[in-house]
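# Residue-level structural notes
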Amino acid sequence: MIPFGFAYCRAQTLAEAVAEYARCMALGKTALYYAGGSEIITMARAGDIRPDEVIDVKDIVECRGMERDELGLSIGAACTLNQIKEAKLFPLLGLACGRIADHTNQCRITLGGNLSGSIIYHEAALPLLLCDAEASLFGPEGERRVPFADVFQGRLRPLPGEMLVRVRAPVWALAAKHAHIKKTTNEKIDYPLVNVTALFYGEALRAAFSGVCAQPFRSERMEAILNERALCPAERARLAVAALPERAHADVEGSGEYRAFVLEHTLKKLLEDWELGSL
Amino acid sequence: MVRYEGKTVLRLRVNGEEREVLARPSDVLMDVLRDQLGLTGAKPGCRNGDCGACTIVVDGWPNKSCLMLAVEAEGHDIVTVEGLGGMSAEQRAFVEADAFQCGYCTSGFLMVCHAMLTQHPQMPEELVIEEWLQSNLCRCTCYAEIREAVLRMYGTGKSS
Amino acid sequence: MNMALNASIHRKEAWDKVCGRAKYADDLPAADHLCARLLTSTRAHARILGIDTAGASALPGVKAVLTGEDCDLLFGPLLQDRYALARGVARYAGEPVAMVVAVDEPAAEAAARRIAIEYEDLPPLLTPSQAMLPNAAPIHEKLADYKRVVSDVRPEPGTNVAARHRVRKGDAKAAFARCAAVIEKRFFLPPSDHLAMEVRAARAEIAADGNVLVTTCSQAPYTVKKQLAEAFKIEAGMITVRVPFVGGGFGGKAPVTLEILAYLASKSVGGRPVRLTIPREQDMASFPCRMGLEATVRLGADENGMLQAAEMEFLVDCGAYTDISPNMAKAIAADCTGPYRVENLSCDALCVYTNHTYATSFRSFSHDSYTFCVERALDALANRLGFDPLELRLKNAVRPGDFTPTGVPATPELTGDVSRCIEEVKRLSCWDGGRPLSLGGSKVRAKGVSCFWKSANPPTNAVSGAFVTFNSDGSVNLLTGVVEMGSGGHTQLAQILAEKLKLDPAQVHVVAHVDTRVAPEHWKTVASLTGYMAGNAVLRAADDLIAQLKRTGAEALGCAEAEIEVADGRVYSIKEPERFMLLKAVAQGYQTPGGASVGEPALGRGGYMLKGLSMLDPATGKGRTSPQWTPGAQVVEVEADLEACTYRVITACCVLDVGKVVNPAATRAMIAGGMSMGVSLATREAYEYDENGSPRAPNLRTYKLLHIGQEPEYRVDFVETPDPTAPCGARPYTEHGIIGIPAALANALSAAFGCALDGLPLRPEAIRRAIGGAP
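Model, not experiment: these values are computed from the prediction. (Residues numbered from 1 in each chain as written. Chains lettered and ligands numbered in written order. Predicted model: local features only at pLDDT ≥ 70, side-chain atom pairs only at ≥ 80, totals over all residues. Heavy atoms only, no water.)

On to the overall build of chain B, then. When you go through chain B residue by residue, the secondary structure sums to five helices and six strands. By the compact-globule yardstick of 15 Å for 160 residues, chain B fits well, its C-alpha radius of gyration being 16 Å. Viewed in the frame of its principal axes, chain B has a C-alpha envelope of about 55 × 30 × 25 Å. Taking all 160 residues of chain B together, 68% fall into the buried category. Partitioning the contacts of chain B with sequence separation of at least 6, the portion at a separation of at least 24 is 54%. As displayed, chain B has an accessible area near 5200 Å², and 48% of this comes from carbon and sulfur atoms. Distance between charge centres in chain B, computed from 15 positive and 22 negative side chains, equals 5 Å. (Helix = DSSP H or I, 4+ residues; strand = E, 2+ residues; numbered from the N terminus. Rg over C-alpha atoms; globule rule 2.2 N^0.38 Å. Buried < 20%, exposed > 50% of the residue type's maximum accessible area, 1.4 Å probe, protein only. Contact = heavy atoms within 4.5 Å. Areas by Shrake-Rupley, 256 points an atom, 1.4 Å probe, with all protein chains shown as cover. Lys, Arg positive; Asp, Glu negative; His and termini not counted. Charge placed at Lys NZ, Arg CZ, Asp CG, Glu CD.)

As structure tokens, then:
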């Protein structure tokens, strides 16, 4: 039960959605683009947010569906995590989507919602960071296409009034060797204590992380260490953890020190599997 | 574009029937089903999407009705536990396997099973079954009976 | 032999539950109800300097705003120490401080959020040992003035000790001096939650003539009635309490909490019906939880491993208010040794106030907690002496001729067969001596064992009752005050009645919902005593019914009552079985072919009151609190990764002396359900408090319960040593599956990781810290 009211608008076109957003802003009201809604509903119930209006974007054609062509895969921001997983078009992203929340919620939560929300993990972002994905956004100034990494720093950071429409993954990433390892405190259905997502560009390991620090990230420095194949896996894992871009995150699920330990162990296993050719 | 502000009459298709309800745009579907249609099978176990006791089926997929606005349900096909009829394979399996104790989580588990049967008419592999059922919590049973109910639902459980 | 016993029949309410037709307290129509919501304290310990309700009252739809100033009555089942809404001082984060009644839920909730409270923080006391320090300020300044509802709760004013129970037997000090091995261990077990899937809810209305109707999810409808009557000076007959199906209780719905608030809410709006709902977050933080425990356990044994002495101190963290916790301290004292012979014993079990959410009964009534401590100490002792931990337990198991800690002589009938439980669990678990088995790499497998016993702590005069009436088809209706919350009481009682009446259990219809104006009083649906207490009442009602049928039958058949038999839906003469009448023809009195009426309608009634129980002697603990004991033994097997500090629970075994199995499938499911709760509790559940004493993330997103897919294989078996005083000889079993699981898991993990894991929950991070892998 949400103890306050808000208006609900179901937009049919990008232009409608953006215009409605702008109209709210002009009236001094707060509007939120709304897709799966799970985070907006829970936060509104808890009193953490109080939007005057939500603008449902799920019906907008440009936000829907997945398209595979010779250059890659384009995914609508309103696709649910479950749709992405079941489509099996981008296996690594499918693995990531299949471990966010639980299956029923995966049938509601959208890719755009997971990337844009305020819950800090944004696990669907990791494969997109690794594959140099492109993001397509739509705002008052029209469409904008940018490298995904440019609009995702910790969370999706669109311009005011702008919404994510699609993301595009290059074709090489769809068939590349990969690994997705999510460690939780001890219940499988949980936020990540440590999420290590790895994608191989040729024989170069790319890795992005969630849960370890207060926001998800990809680190060139850590990748360089992980690719130092002259060093043994244990050593590379140790050095990579030492190169974390910020202090490991600490909360009720686990201390920073413990997260670093789990990360090191996870990286070591990952590197060992790589050496053994069992990825 | 459709826009609602304040209380509005919504037309919902629930259990195969067209129903009219009066709801605010910020009302979640669970409360509307329970308070206005008397469909109290969907239970408010957490109102946060964590327990699954309010699960219903929307267009053939499981959906936590505490995390869906009633306005969003317009134009979609809603099935609640009350719509299963009483002699469905899911319900019979749960009775035969004694897959509940207090019964509070039961509707939610049944609706996950109903959607699973819709999406996977043939029994999927165990990992898939587990993934679907991991959306729900049961505090009474040890889950073994619920697993057994799923097997029975697919006609492969122990004979009764 | 009838088919009613040893039959795995389905729950009586099964079809209601799979059709969404089973109604729980907040499922009933409420269009005519106002709604109430609570505002709770954000501070663990603070003086309330002022509450500004003006903003809330001014909102449209708001009918009343209540604060502690509106009710100066104190509540509590044993010691009256709690206001319905905090007055002057808030003693835990989450304590209800104000309540709003409004036309609908959104209006009430919005108004509750508009109430402004000014606090002055007081230092919080967050552990029992902190609260026991000599300089600790008493959380209850007026402890001496509180009314004691029972004679055996003895608060110690000027301190934070709300109750103390002592057991003294033999000479522990002297015996320790003789021991070849002495183990001393300290334990800290955090509070956690019942987490019944149904969030608590209550409704109340007061009619113009003063009749009060309360609808609630209580395990104790008669206690609700009694407490409301006494507190608000209402004639008990004017109060009706209705309880439909309850969505899990586990002890958490035994205390009277929301009902008082719902009554106050209704009273504040001229008696109009009010529906009080709370979110899950308040259900966890504001309403009673599972107790925490600090303990020191010292055990001594001779070189043969025979226990010689035990010294124990248990500090029950009851939180800010006592509720039933003094009795949990008593329960610990009464059974403190576990099912072992210990002739020299000194045990102090204290109930200590802290600024935590207050505690109440939780599945097994503290037995899971103290068992953890004793069984961990026993494993340490076995290690020290080089014994197989299971064999050490077998050596020391209580046998006829021994005594319980409070001096009750152990007999197979009373205390069951502990040794056989251990022997059977050894077989069931393929016990291998308790040594870890290397699986290669960093993986090992290990098993851990725990025994337990459980007795009950009802009032010595607790009662139950049953009414049985006939339908025109010869089937019967059973009416009791037993709440159906999943524990299967209704089905068990139907089987007991069917057995006695020699009917098919399908011919017994059970009234599903309790209405205190209709059903005879049943103390509470707690303590696993439904089968025993209500079962005995049902047997008496059946006897009463049979006597009436025989009287009518004898008159109709023209023979002596002693010759009449009632079985298989017939009333007949033993001498001439071909001369019979159908039960349905006799049940409402008999009509001869000629039209003459014979006899009376048969209406069965049975009342039952516990007998032979006593208070415990304050100095020595001598006395008897329980009609019987149920013993059991459990083994948990884990697969651990020593490098990653992670583990999986592989199997969990339980052998319980249930006396007699009435419904094999239901009994097995109930015990496995308890084991599952034990696995969840031991692996992941705890209330985490920040340094200010506020619970961190009291919601199901962060407080994780065991989901499907991570559960072990459960193996359950029974020993049957009948209790002759119990219906069909059946012992209580419904809570028991949980009791030894945390201890057995900790024993298995301690063996696997080669270190002492003496805390809960057993999260990988805690294990890593314990094995010294973390700074």
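More follows now that the structure is in view.
Moving on, we come to the nonpolar core. The tendency in soluble globular proteins is for nonpolar side chains to be buried side by side. Grouped together as the largest cluster of nonpolar side chains are 178 residues, with contacts concentrated most on F94 of chain B together with F314 of chain C. The residues touching F314 of chain C, leaving out its near neighbours within four places in the chain, are L293, E294, A295, V297, I332, C336, C347, D348, A349, L350, Y370 and C373 of chain C. With 51 residues, the next largest nonpolar core counts A494, L501, L529 and A587 of chain C among its residues. (Core = buried A, V, L, I, M, F, W, Y, C linked by side-chain atoms within 4.5 Å.)

The interface of chain C with chain B comprises 49 residues on the first partner and 44 residues on the second. When the buried surface of chain C facing chain B is broken down by residue, V18, M197 and I708 of chain C rank first, second and third, together holding 20% of it. Counting across the interface, chain C meets chain B through six salt bridges. One salt bridge in this structure joins E685 of chain C and R139 of chain B, with 2.7 Å as the shortest N-O distance. At the boundary of chain C and chain B, one finds 22 residue pairs in polar contact (both at pLDDT 80 or more). Among the elements that line the side of chain C that touches chain B, the one with the most residues is helix α17 (residues 664–684) of chain C, at eight residues. (Buried area = accessible area lost by both parts, 1.4 Å probe. Salt bridge = Lys/Arg side-chain N within 4 Å of Asp/Glu carboxyl O. Polar contact = N/O pair within 3.5 Å; in protein donor to acceptor, adjacent residues only side chain to side chain.)

Moving on, we come to the interface of chain B and chain A. Residue-level contacts link 32 residues of chain B with 38 residues of chain A. Buried area between chain B and chain A, both sides added, is near 2900 Å², and the carbon and sulfur share of it is 51%. Counting the surface chain B buries against chain A, the share from its top three residues, M1, L67 and E72 of chain B, is 22%. Here E53 of chain A and R3 of chain B are joined by a salt bridge, their closest N and O atoms 2.8 Å apart. Between chain B and chain A we count 24 residue pairs in polar contact (both at pLDDT 80 or more) in total. When residues of the side of chain B that touches chain A are traced back to their parent elements, those giving at least two are β1 (2–4), β5 (61–64) and α4 (126–133) of chain B. Here the side of chain B that touches chain A gets four residues from one element, more than from any other, and that element is β5 of chain B. Residues that form the side of chain B that touches chain A fall into these classes: 15 nonpolar, eight polar and nine charged. Note that strand β1 (residues 7–10) of chain A and β1 of chain B share three bridges and pair antiparallel. If you follow C9 of chain A over to β1 of chain B, its bridge partner there is R3 of chain B. (Nonpolar A, V, L, I, M, F, W, Y, C, P; charged D, E, K, R; others polar. Pairing = 2+ DSSP bridges.)

Below, the discussion takes up the pairing of strand β4 (residues 55–58) of chain B. All names here are of chain B. A two-sided burial pattern is seen for β4, the buried positions comprising T55 and V57 on one face and I56 and V58 on the other. Where β4 and β5 come together, four bridges link them in antiparallel fashion. Of the residues in β5, the one forming a bridge with T55 is K64. Counting the residues that bridge the hairpin from β4 to β5 gives two residues, and of these D59 lies at a positive phi of roughly 50°. Relative to strand β6 (residues 77–79), β4 runs antiparallel, the two sharing two bridges. Note on β6: the bridge partner recorded for V58 is I78.

Before going further, it helps to spend a moment on unusual backbone geometry. Working note: non-glycine residues mostly have negative phi, and peptide bonds are mostly trans. All names here are of chain C. In the segment running from L760 into P761, the intervening peptide bond is cis, with an omega of -10°. Inspection of the secondary structure assignment puts P761 in the loop between α18 (741–753) and α19 (764–770). Phi is positive for N6, close to 55°, though the residue is something other than glycine. Along the chain, N6 turns up in the segment before α1 (14–18).

Within the secondary structure, A110 of chain C is located in helix α3 (residues 105–112). Residue classification places A110 of chain C among the partly exposed residues on the basis of a relative accessible area of 24%. Filtering out sequence-adjacent residues up to four positions away, A110 of chain C remains in contact with P3 of chain A together with L59 of chain C.

Looking now at helix α10 (residues 367–385) of chain C. End to end, α10 of chain C covers 26 Å across 19 residues, agreeing with the expected 27 Å (1.5 Å per residue, within 8%). For α10 of chain C, the tally of buried residues reaches 16 of 19 residues, placing the bulk of the element in the interior. (Expected span 1.5 Å × (residues − 1).)

What follows covers the sheet that holds strand β13 (residues 239–243) of chain C. Residues and elements named next belong to chain C. Read across the sheet, eight strands follow the order β3-β7-β1-β14-β11-β12-β13-β23 without closing on themselves; strand pairing throughout is mixed. Both edges of this open sheet fall to β3 (62–67) and β23 (514–515), since each of them pairs with a single strand only. As defined by bridge partners, strand β12 (residues 212–216) adjoins β13 across four bridges and the pair is classed as parallel. Each residue of the ladder has a partner; that of V214, found in β13, is V241.

In this section: the domain arrangement of chain A. All names here are of chain A. By the assigned domains, chain A splits into domain 1 (7–56), domain 2 (61–173) and domain 3 (177–276). Averaged C-alpha coordinates put domain 2 and domain 3 at centres separated by 22 Å. Opposite the 24 residues of domain 2 that make contact, domain 3 presents 30 residues. Interface area for domain 2 against domain 3, summed over the two sides, is near 2200 Å², with a carbon-plus-sulfur share of 66%. Interface area lost by domain 2 to domain 3 is led by R99, Y121 and L130, which between them contribute 34%. For the interface between domain 2 and domain 3, the tally reads three salt bridges. For D132, the salt bridge is made with R218, and the minimal N-O distance between the two is 3.5 Å. At the junction of domain 2 and domain 3, the tally comes to 10 residue pairs in polar contact (both at pLDDT 80 or more). Residue assignment for the side of domain 2 that touches domain 3 shows that the elements contributing at least two residues are α4 (91–97), α7 (125–130), β8 (152–153) and α9 (171–174). (Domains from an automatic or database assignment.)

On to α4 of chain B, then. With six of eight residues buried, α4 of chain B is to be regarded as a mostly interior element. Of all the residues in α4 of chain B, the buried ones are V128, I129, E130, E131, W132 and L133 of chain B. Buried-residue contacts for α4 of chain B involve α3 (81–87) and α5 (103–106) of chain A together with β5, α3 (106–119) and α5 (144–153) of chain B.

Let's shift gears to the packing of aromatic side chains. Under the definition given, this model contains 23 aromatic pairs over all chains. Measuring from centroid to centroid gives 4.4 Å for F232 of chain C and Y263 of chain C, while their planes differ by 45°, and the two rings are tilted. You can see F232 of chain C sitting in helix α6 (residues 221–232) and its partner Y263 of chain C sitting in helix α7 (residues 258–268), a full 31 residues away along the chain. Like F232 of chain C, the residue Y263 of chain C is buried in the burial classification. Ring pairing ties together the aromatic residues Y104 of chain B together with Y24 and F245 of chain C, which thus form one cluster. Above the face of the F200 of chain A ring, K177 of chain A is positioned so that its terminal group lies 4.8 Å from the ring centre. Just above the ring of F580 of chain C sits the side chain of R570 of chain C; from NZ or CZ to the centre is 3.9 Å. (Phe/Tyr/Trp six-rings, centres within 6.5 Å; stacked < 30°, edge-to-face > 60°. Lys NZ or Arg CZ within 6 Å of the ring centre and 35° of its normal.)

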